[in-house]
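# Examination of the molecular architecture
What follows is each chain in one-letter form.
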Amino acid sequence: MTTEKIRELIARMTLEEKASMCSGADFWHTEAIERLGIPASMVSDGPHGLRKQDQEGDHLGVNDSIKAVCFPAGCGTAASFNRELLTSMGATLGNECQAEGISVILGPAVNIKRSPLCGRNFEYYSEDPYVATEMAGALIKGIQSKNVGTSIKHFLANNQETRRQSSESRVDERTLHEIYLAAFEGAIKKQKPWTVMCSYNRINGFYAAQNHKYLTETLRDRWGFDGYVVSDWGAVNNRVEDLKAGLDLEMPTSLGANDKLIVEAVQNGTLEESVVDTAVERILNIIFRYEENRDKNAAWDKDEDHEMARKVAEETIVLLKNDGLLPLNENDDIAFIGKYAEAPRYQGGGSSHINSHKVTSAMDVVSGKSNIVYARGYNDDEDKTDETLLAEAVEAAKKAKVAVIFAGLPDAFESEGFDRTHMSMPNCQNELIEKVAAVQPNTVVVLHNGSPVEMPWIDKVKGVVEAYLGGQAVGGAVCDILFGKVNPSAKLPETFPLKLEDNPSYLFYFGEGDTVEYREGIFVGYRYYDKKKMDVLFPFGYGLSYTTFEYSNLTVDKENLKDTDTLTVSVNITNTGKMAGKEVVQLYVADKESTVIRPVKELRDFAKVDLAPGETKTVTFTLDKRAFAYYNVQIHDWHVETGEFEILIGKSSRDIVLRKTVTVESTVKIPMVYTTDTTVGDVMKDPRAWEIVKPLFANGMFGEGSEANVGDAAAEAISEEMMEAMLKYMPLRGPVSFHGGVSMADVQKYVDQLNALDS
Ligand code: BGC
C-alpha cells in the first residue's frame, strides 16, 4: 500500500484506534480494525523453525506449538560461514511462514557472545560482529525473499540472561559501535529487516525500549531503518516515553492499559499525536507489505524441509580434532556410546523451542547395521554416574575397533532464562570419556552443545566433532561426517578458551546487582586472546577438513590508497588433497601502528569455496574504509589513521598463511582540541603549534639556573631522557607552577591561539 493510502487510513482512525494499533491484540497478533479493512497480523518465534502457537501463547516455549521443522540453531549455522546456505535456509523458513500465515518471524538473534556462559549463546552467532551481522543478513535475505518479515533481535547489548529484564549494560561508546551495534549494523543496512526487536535490558541508563539514542538516532537516522521496532515480549516499561524514543509496537498486549496511557498523554498534551501517527504508519506499512504479497498457494512439506535441515547441519559441524582416525569405515566394529547417540540434544530451551515433527538420531541412521552397537553410558537428567551404564559402555568400547561417544550439555545446563555458572560438561560424561578412552585408543567424541565447554580429556581421544545444536536432522549429518560421506567444512565462530577464567569478561560478567560493566571493552573473544598472546583450546575461525588446502598468489590492486577508495584483494586456493571439500577463507586486517589501542587484527571478510581435488579457485574481496577504521569518539564516527595496514589471509585466526602490506591515507583531519592540560608532547606533534607555545618554555622547564642548583649526585641521576620526558608530559599550564611570571590567563591566551590554528 502506498504511503499516501496508509496516511489516508490513519486520518480516518480515532485516537483510541491508533493507540490500540501500537500494541498486540494478544500474544502473537497485531490489532485488527475491521471497519477500515486492517487485518490482524501474526508474528511468531523463530528463529530456526516455526514456533507457531495456535492455542495458548507464551514466550518461554512452555505451551504447545504446531509440529514444525527444527533447523540447526544460530551457534551452528554461523559455523557454516556459508552465506548462500543461510539464504536458502531462510527461503525455506519464509515459505513455511507464508504457508502458515505468519507475517514476521522473530529472529535472527545476533547478540555477541561476550562470555561462554550466556544461556542463550546457542541462539546467537558469534563473538565477532562481522560474522554475526553477515550470517544474520544472509538469513534475513532468504526469509524476506518470500515476502515475510524478520525481526533482528535483541537490540542492544543484551548479552546475558541473568536479570535480563532489569540489568543495565554499561558500555563505552567505541565498544558499542565496534562490537555490539556492529553486530546489527551490516544486516540492517544491507538486508533491511522489516522489523527490529528491542531488548529487555537498559543500556547506559535507559531501557532499550526507551533509548532514543539507539532506537531513533542510530537505527533510523544513521542506518536508514524504515520498518517498525517491536518490544521484546514484556520489555515496555514506560509506554509513552518508549513511543517517543522510537518503540512502535508493544508486544504482547497490555490488555489496553498502555493504550489508555497513550490516549491520555495525547489528550493532556504530553505526547504529540504525530508521534502516534508515525508509529502506526510504520506498523501498517509492514502489515500491508505482507498482506499484499501473500502467497496463497504456499504449502510446505515437512519431510522435504527436514532434508534441508540436514543439508544445513552438514555444514555446521566443526571437526576439532583428528589424529588420523576419521573418517571411520562404516563396516568396522564400532560402539556408539552415550544417550545423545539415541536422543540427540539438537536445540535449546525457551522461546526458540520447536515442536519437531521428527528427529533423526545417529542410531536411527545406523539401525540394522549389526557391526554398530549402542551403549547408553549416562543419564542426563541428573549429573550422577550410573555405574551400570558406565560399565556397559566400557565393555562395549573394549570389544569394538572404535568408540564414538556422543556427549555435550544437557538442557538443564544451558537455556534461555538463565546463564551457565561454569564451562564444564557433566561430570558423569567427562568420567565416561576418560574411562572409555582408557580402554579404547580409537575414541572419538561428538559434542552436542550450544556454547564452548572445557575438555579435560582432549589429549586422550583421537577425534572431536563439534555438532553444536544441529537441529532435528542432526543424526544424519553427524553420521555423514563420521563416515566421510560429507567432508567437514565448518569453522568456529567463537574461541574455545582453555578454561572459563581466561575469558575477558570473567571478572565482571554478571555485574553487581543490576549494573553490568563491559570493562573488557572492544577486547571480546579473539580480540582479547590475541592481544594477550594466550593459548586457547581452539581458536576463532578454526576447523579441520578431510582434505588439504593451499593458499597462494595474494594480490592487491593497489598498495597505496585513500580511505575513500576500495581495495580489491584476491587469493588462490587449491584443494591439494584427495577429497572434494569446502574451505572458509578468512581475511583479517591489522593496523601496524596506531595511536589508539586496537586489537592485533580483526576479521573483515570471509568466503566459502567449494573445490574438487586438484582444483584451484581465485577468491576476491573488496575492502572499503570500514575494514581499516576504528570508531573515533571525538568525531563520533569511523576513522582511519594514515599508515600501514596488513592484509592477512588465514585458515583460522591463529593460522595466517599469507600477508601483504598496504598504506592507507586518511582524508579526514581530526581537529586537535587544546586545553591548558594538553601536554607539551602532544603540542609538539604539530610544529606550527609548538612554535606558538615555545616562548612559554623559553626559560627552561624549572626556571633559569635550575640545573646548577641541584647537587652532584642528583645531577648524575638527571639524564637527558628524563628531562625530555618531563617536558613531554608537562601540561601547558606547567610554567605557572614552575616559574613565576606566567599566569593561567596567559596560558589560556596561548591555548586560544592554538585552537584557532585550523578553524
Ligand atoms: C524472547 C524473544 C522472543 C519472545 C517471544 C522473549 O522472551 O526474549 O526472543 O522472540 O520472547 O517469544
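The present account deals with the structure reproduced in this document.

What counts as what
Residues numbered from 1 in each chain as written. Predicted model: local features only at pLDDT ≥ 70, side-chain atom pairs only at ≥ 80, totals over all residues. Heavy atoms only, no water. Near = heavy atom within 4 Å. Polar contact = N/O pair within 3.5 Å; in protein donor to acceptor, adjacent residues only side chain to side chain. Areas by Shrake-Rupley, 256 points an atom, 1.4 Å probe, with all protein chains shown as cover. Nonpolar A, V, L, I, M, F, W, Y, C, P; charged D, E, K, R; others polar. Axes fitted to C-alpha atoms, helices over the stretch in contact; angles between N-to-C directions. Helix = DSSP H or I, 4+ residues; strand = E, 2+ residues; numbered from the N terminus. Parallel < 35°, antiparallel > 145°, perpendicular 65-115°, else oblique. Contact = heavy atoms within 4.5 Å. Salt bridge = Lys/Arg side-chain N within 4 Å of Asp/Glu carboxyl O. Buried < 20%, exposed > 50% of the residue type's maximum accessible area, 1.4 Å probe, protein only. Core = buried A, V, L, I, M, F, W, Y, C linked by side-chain atoms within 4.5 Å. Pairing = 2+ DSSP bridges.

Before going further, it helps to examine the site of the ligand. Near the ligand lie 15 residues; those nearest to it are Asp45, Arg120, Lys153, His154 and Asp232. Within the side chain of Asp45, a nitrogen or oxygen atom sits 2.5 Å from an oxygen atom of the ligand. Within the side chain of Arg120, a nitrogen or oxygen atom sits 2.7 Å from an oxygen atom of the ligand. Relative to its unbound accessible area of 310 Å², the ligand is 100% covered by the protein chains. Classifying every residue of the shell around the ligand by side-chain character gives 5 nonpolar, 3 polar and 7 charged.

We now examine the packing of helix α6 (residues 173-180) against helix α7 (residues 182-191). Relative orientation of the contacting elements α6 and α7 amounts to 50°, with a least axis distance of 5 Å. Considering their axes alone, α6 and α7 lie oblique with respect to each other. Mapping the contact onto sequence places Leu176, His177, Glu178, Ile179 and Tyr180 in α6 and Ala182, Ala183 and Phe184 in α7. By residue class, the composition of the contact of α6 with α7 is 6 nonpolar, 1 polar and 1 charged.

In this section: the pattern of salt bridges. Here the structure, examined in full by the defined rule, presents 62 salt bridges. The partner of Arg83 in a salt bridge is Asp605, with the nearest N and O atoms 3.1 Å apart. Taken together, the residues Arg83 in helix α4 (residues 83-100) and Asp605 in strand β22 (residues 602-611) connect sequence positions 522 residues apart. Looking at Asp605, the relative accessible area reads 12%, which means it is buried.

As a further point, take the nonpolar core. Phe336 and Met455 are the most contacted members of the largest nonpolar core, which totals 190 residues. By residue number, the principal contributor to this core is helix α11 (residues 273-291), which donates 9 residues. Judged by nonpolar contacts, the second largest core, of 30 residues, contains Leu561, Phe628, Ala629 and Ile649.

With that out of the way, let us pick up the sheet that holds strand β7 (residues 202-203). Strands sit in the order β8-β7-β5-β17 across an open sheet of 4 strands; the sheet is mixed. Edge strands, defined here as strands with exactly one partner in the open sheet, are β8 (206-207) and β17 (515-517). Two elements, strand β5 (residues 168-170) and β7, share 2 bridges in a ladder whose sense is parallel. The partner of Ser169 across the bridge, within β7, is Ile203.

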